[in-house]
Amino acid sequence: MSEPNTPKRLIVTSETVLKLPRHIKLRHDAGRGRWILLAPERVFEPDETSVEVLKLCDGERSVGAISAILAEQYQAPVDVITADVIEMLQDLTDKGALKS
Amino acid sequence: MSDTTVQETKTGEFNASIDEACARAPVGLLAELTHRCPLQCPYCSNPVDLERVNTELSTEDWKSVMRQAGELGILQIHLSGGEPTARRDLEEIVEEAAKAGLYTNLITAGVLLKRERLEKLRDLGLDHVQLSIQDVKPENADRIAAYKGGAAKKHEVAKWVKELDMPLTINAPLHRQNIDSLPDIIDYAVKVGAGRLEVAHIQYYAWALKNRASLMPTREAFMKTAEIVNAAKERLKGILVIDFVVPDYYAKYPKPCMGGWGRGIINVTPSGKVLPCHAAESLPHLQFDNVRDRPLADIWLNGQAFQMYRGTDWMKEPCKSCPRKEIDFGGCRCQAMALTGDAANTDPACSLSPMHEEWAKVAHAESHTETPEFIYRRMGSAASAE
């Protein structure tokens, strides 16, 4: 195998399509009554809205499409939601919990 | 709409209150499947009295531990050793752990692995591989591990992990005899496609305590590593997650050992003893239950060793009235025992400990003397070196 190409940071925009890599697991933690994201040596605890966003990260919907769904659901301005969602997803992508 | 927030917790750390956490299951279980290992690293975290192969738990015992862990609400299982791949039944244990819903992490030196076996482990549900390296300079790496050809073999294993599309962490224990390689270690982790790098300054227990004078870096050398890591974290954002473990000899406050005693982590030894931390057997007044005799949940909740230092009631001054007592939990009980003779004392790593100054002097002195020969980790070598 040749060495992998120099990896680059993925910058999340409203066009980005994200999904959870196979080794990142979104799971309901029944014993503690919460949703968790299991990662190597990490447990992320997304809040209710973040869980909804993560469930919509299916490798098909764009960040913009996900934000539109939430904006409708919460009757909130789409640009506000989009900014909020991008910030959250960028952070998780930087931590290796999401990929394109 | 509420803000979207995601709380991040490193395994073993907690944000909940103590009472809440203690009523709960541990998040992680460290399964030391065996103390056998082909490597002889002089800083091994295993106890100096290594457990022998004829005392090891059976396949069925380990499978039962995995099932119990899942039922108890444990989330992550760290399959460690010794070298966990020395167990021929690792496949069965991984399979059972995955079935129990546990997130499985293999902590390996890699040198015994074959590609086919790794692929099989992946197919059985292994989630993540953590591969240790001793240095990026092969001859120095092989000298530290006392294993010829080890570095080359590890490099091959790292490639297999990526070819098999598995997530990879490189674990690099850092000390005086490889500290200058840190920038190259970081580059190496990126080059092999690791998603995460653990740069872990040695913690001085067991074998590492015996070899402390060979391993302790100077304060200046340590400070430089902190700078290098901080710069790399910024530069490699979104490419490599770097976790940095500092040597507590140079810290102001002690580390929150195990995220608090009996709070987040449970450890099972090769022979089935259940410990609140992998070094806990250095506390002679504790009684350790065995998974062969008692259910895991009962041991966790009621075992004498777990109850002894759980919470904060056991604390003496200066911990007792300290505003940080629920942040660092008085540091490490084993270090307090080893260096002050009382496990309930403040860890001397804390600047509020009366022992602190003396202990910082030890680090200074040892890091500035010539390095003695390693006492390599093998059965009986520690006793014969006394």
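Residues numbered from 1 in each chain as written. Chains lettered and ligands numbered in written order. Predicted model: local features only at pLDDT ≥ 70, side-chain atom pairs only at ≥ 80, totals over all residues. Heavy atoms only, no water.

K.L.:
Which residues make up the overall build of chain A, and what values go with them?
P.N.:
Within chain A, the secondary structure is distributed over three helices and five strands. When the helices and strands of chain A are listed from N to C terminus, the series reads β-β-β-β-α-β-α-α. Taking all 100 residues of chain A together, the buried fraction comes to 45%. The long-range fraction of contacts in chain A, counting pairs at least 24 apart against all pairs at least 6 apart in sequence, stands at 55%. If you sum the accessible surface of chain A, you get close to 5,000 Å²; carbon and sulfur atoms cover 51% of it. Separation of charge centres in chain A, based on 13 positive and 16 negative side chains, amounts to 9 Å. (Helix = DSSP H or I, 4+ residues; strand = E, 2+ residues; numbered from the N terminus. Buried < 20%, exposed > 50% of the residue type's maximum accessible area, 1.4 Å probe, protein only. Contact = heavy atoms within 4.5 Å. Areas by Shrake-Rupley, 256 points an atom, 1.4 Å probe, with all protein chains shown as cover. Lys, Arg positive; Asp, Glu negative; His and termini not counted. Charge placed at Lys NZ, Arg CZ, Asp CG, Glu CD.)

K.L.:
Run through the interface of chain A and chain B, naming residues and quoting values.
P.N.:
At the junction of the two partners, chain A supplies 33 residues and chain B supplies 45 residues. Buried surface at the junction of chain A and chain B, summed over both partners, amounts to about 3,600 Å²; 53% is from carbon and sulfur atoms. Across the chain A-chain B interface, the total number found is two salt bridges. A salt bridge links lysine 25 of chain A to aspartate 127 of chain B, with the shortest nitrogen-to-oxygen separation between them at 2.5 Å. Inspection of the region where chain A meets chain B yields 11 residue pairs in polar contact (both at pLDDT 80 or more). Those elements that place two or more of their residues in the side of chain A that touches chain B are β2 (25–29), β3 (34–39), β4 (42–46), α1 (48–56) and α3 (78–94) of chain A. (Buried area = accessible area lost by both parts, 1.4 Å probe. Salt bridge = Lys/Arg side-chain N within 4 Å of Asp/Glu carboxyl O. Polar contact = N/O pair within 3.5 Å; in protein donor to acceptor, adjacent residues only side chain to side chain.)

K.L.:
Which residues make up the nonpolar core, and what values do they have?
P.N.:
Leu29, Met66, Leu79, Ile170 and Leu296 of chain B are the most contacted members of the largest nonpolar core, which totals 60 residues. Considering each element in turn, this core owes the most residues, six residues, to helix α7 (residues 182–191) of chain B. Beyond its immediate chain neighbours, meaning those up to four positions away, leucine 296 of chain B contacts Leu29, Val65, Gln68, Ala69, Leu72, Ile74, Ile266, Val268, Val274 and Val291 of chain B. In terms of nonpolar packing, the next biggest core, distinct from the first, is built from 22 residues, Leu18, Cys57, Leu70 and Ala71 of chain A among them. (Core = buried A, V, L, I, M, F, W, Y, C linked by side-chain atoms within 4.5 Å.)

K.L.:
Describe unusual backbone geometry, and please don't skip the residues or the numbers.
P.N.:
Residues and elements named next belong to chain B. Look at the link from glycine 81 to glycine 82: it is a cis peptide, with omega at 10°. Within the secondary structure, glycine 82 is located in the loop between β3 (76–80) and α3 (90–99). Residues glutamate 317 and proline 318 are joined by a peptide bond in cis, for which omega reads 5°. Residue position: proline 318 is located in the loop between α12 (304–308) and α13 (325–328). For alanine 146, which is not a glycine, the phi torsion comes out positive at approximately 50°. Overall, the relative accessible area of 30% leaves alanine 146 in the partly exposed class. For aspartate 165, which is not a glycine, the phi torsion comes out positive at approximately 60°.

K.L.:
Quick rundown of the packing of α1 of chain A against α3 of chain A? Include the residues and the values.
P.N.:
All names here are of chain A. Packing of α1 against α3 leaves a shortest axis separation of 11 Å and a crossing angle of 75°. Classified by the angle their axes make, α1 and α3 are roughly perpendicular. Residues Ser50, Val53 and Leu54 of α1 pack against Val85, Met88, Leu89 and Leu92 of α3. Here the contact of α1 with α3 is built from residues that sort into six nonpolar, one polar and no charged. (Axes fitted to C-alpha atoms, helices over the stretch in contact; angles between N-to-C directions. Parallel < 35°, antiparallel > 145°, perpendicular 65-115°, else oblique. Nonpolar A, V, L, I, M, F, W, Y, C, P; charged D, E, K, R; others polar.)

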